[in-house]
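Observations on the three-dimensional arrangement
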Amino acid sequence: LRQYGALADPGAALVATAAALRSLPTEAESGAPPRPRAAGAVVVVDRHFLGWARVTLADGERGWLRRDALVPFWSAA
């Protein structure tokens, strides 16, 4: 399992479309500017809120992305 890294986490997801990583789950202006994320990044989702997902990137950075930009690797069917 250690070899799979973040992919072994049940919350692992792929950023399917370019999206902006935000410090708060809102499109409104906030103190920090959004940071663009390219498609293809692997993230770990740990929380959902009204169409948003709080994610952690491989480098430890944490923020909010729109859920429709993510494709989960695992599903609780």
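Structure report, in brief. (Residues numbered from 1 in each chain as written. Predicted model: local features only at pLDDT ≥ 70, side-chain atom pairs only at ≥ 80, totals over all residues. Heavy atoms only, no water.)

**Points about the sheet that holds strand β6 (residues 62–66)**
Quick note on the threshold: Pairing between strands requires that DSSP locate at least two bridges from one strand to the other. Under the scheme used here, helices are H or I runs from DSSP no shorter than 4 residues and strands are E runs no shorter than 2 residues, and both carry numbers assigned from the N terminus. In this analysis, axes come from line fits to C-alpha atoms, helices being fitted only over the stretch in contact, and the angle between any two N-to-C directions falls in the range 0 to 180 degrees.
Taken in spatial order, the five strands make up an open sheet running β6-β5-β4-β1-β7, and their pairing is antiparallel. Among the strands making up the open sheet, the edge pair consists of β6 and β7 (70–72). Each adjacent strand pair in this sheet contributes to an overall mean axis angle of 45°, direction not counted.

**Concerning the layout of surface pockets**
Under the convention used in this document: Here the term cavity refers to a set of points on a 1 Å grid, laid over the protein atoms alone, in which a 1.4 Å probe fits but cannot get out; the term pocket refers to an open set having protein on both sides within 12 Å along at least five of seven lines, with lining residues being those that place an atom within 4 Å of a point. Grid points are joined across faces, edges and corners, and a volume is the space filled by probe spheres set on the points.
Within this model, the largest pocket holds a volume of roughly 170 Å³. What lines the largest pocket is Pro10, Gly11, Ala12, Ala13, Val45, Asp46, His48, Ala53, Arg67, Leu70, Pro72 and Trp74. Breaking the lining of the largest pocket down by element, the ones donating at least two residues are β1 (12–15), β4 (42–49) and β7. For the lining of the largest pocket, the element with the most residues is β4, which contributes three residues.

**Topic: the pattern of salt bridges**
Threshold: For this document, the term salt bridge refers to a Lys or Arg side-chain nitrogen within 4 Å of an Asp or Glu carboxyl oxygen. Relative accessible area decides the class of each residue, using a 1.4 Å probe on protein chains only: under 20% of the type maximum gives buried, over 50% gives exposed, and in between gives partly exposed.
Applying the stated criterion across every chain, the model contains six salt bridges. Measuring nitrogen to oxygen at the nearest pair gives 3.3 Å for the salt bridge that ties glutamate 27 to arginine 22. We classify glutamate 27 as partly exposed; its relative accessible area is 46%. The exposure class of arginine 22 is buried, given its relative accessible area of 17%. Close ionic contact of arginine 62 with aspartate 46 constitutes a salt bridge, the shortest N to O distance being 3.4 Å. Within this pair, whereas arginine 62 is found in strand β6, its partner aspartate 46 is found in strand β4, the two being separated by 16 residues in sequence. On the accessibility criterion, arginine 62 (45% relative accessible area) is partly exposed. A relative accessible area of 40% means that aspartate 46 is categorised as partly exposed.

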